[in-house]
Amino acid sequence: MNFSIMNNTPFHFIIASITLLVFLGALLVNDSKLKASLTLALKILFVLVLLSGLYILTLVPITAAVIVKSLGGLVLMWAMLELIKTPSQLLYWGLFVVVAGVGLTLAFGYI
């Protein structure tokens, strides 16, 4: 396992963790105004995750695992936004679990 990237770029991983917490909040809240505010916060946080991820791409060699993880992050964000709209959609939940699982496996095992 190579944790040097996480140690050298904690901002990316902290913001990504906050993004997941905001997603869960937006998913579980019933108030439509609060849900809209949390969805906007999620999009803003995603821009920060995306920018810090682009910075990380300058630090690591471009490999298939890095490309899969990067594209998976975009798919994960799309799935989260769709789940906020329709939380009962099992297809999006399956996509969320698979993409998050692959991303975490790559992050902790290969990158």
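Above this text you will find the structure in question.
Cut-offs applied
Numbering of residues begins from 1 in every chain and follows the order in which that chain's sequence is written. Local features in a predicted model are, by the rule used here, given only for residues with pLDDT of at least 70; side-chain atom pairs are given and counted only at 80 or more, and totals for whole chains, interfaces and linings are based on all residues. Side-chain metrics rest on all non-hydrogen atoms present in the structure, leaving aside hydrogens and water. Salt bridge, as used here, is a side-chain nitrogen of Lys or Arg placed within 4 Å of a carboxyl oxygen of Asp or Glu. A run of H or I in DSSP becomes a helix once it reaches four residues, and a run of E becomes a strand once it reaches two; helices and strands are each numbered from the N terminus. Throughout this description, buried means an accessible area under 20% of the type-specific maximum (1.4 Å probe, protein chains only), exposed means over 50%, and partly exposed covers the range between. Here a pair means two rings of Phe, Tyr or Trp (six-membered ring of Trp) with centres within 6.5 Å. Their orientation is stacked below 30 degrees between planes, edge-to-face above 60, and tilted elsewhere.

### Points about the pattern of salt bridges
If you walk through the whole model with that rule in mind, you get one salt bridge. Notably, a salt bridge pairs Lys85 with Glu82, separated by 3.2 Å at the nearest N-O pair. Taken as a pair, Lys85 and Glu82 lie in helix α4 (residues 64–85) at a separation of three residues, close to a single helical turn. Accessibility expressed as a relative area gives 59% for Lys85, which makes it exposed. For Glu82, a relative accessible area of 16% translates into the label buried.

### Re the packing of aromatic side chains
Considering all chains together, one arrives at four aromatic pairs under this definition. A ring pair is formed by Trp78 and Tyr92, whose centres lie 5.4 Å apart and whose planes are at 85 degrees; its orientation type is edge-to-face. Of this pair, Trp78 sits in helix α4 while Tyr92 sits in helix α5 (residues 90–109), and the two are 14 residues apart along the sequence. Take Trp78: its relative accessible area is 42%, and that puts it in the partly exposed class. Feature note: the residues Phe23, Trp93 and Phe96 constitute an aromatic cluster, connected by ring pairs.

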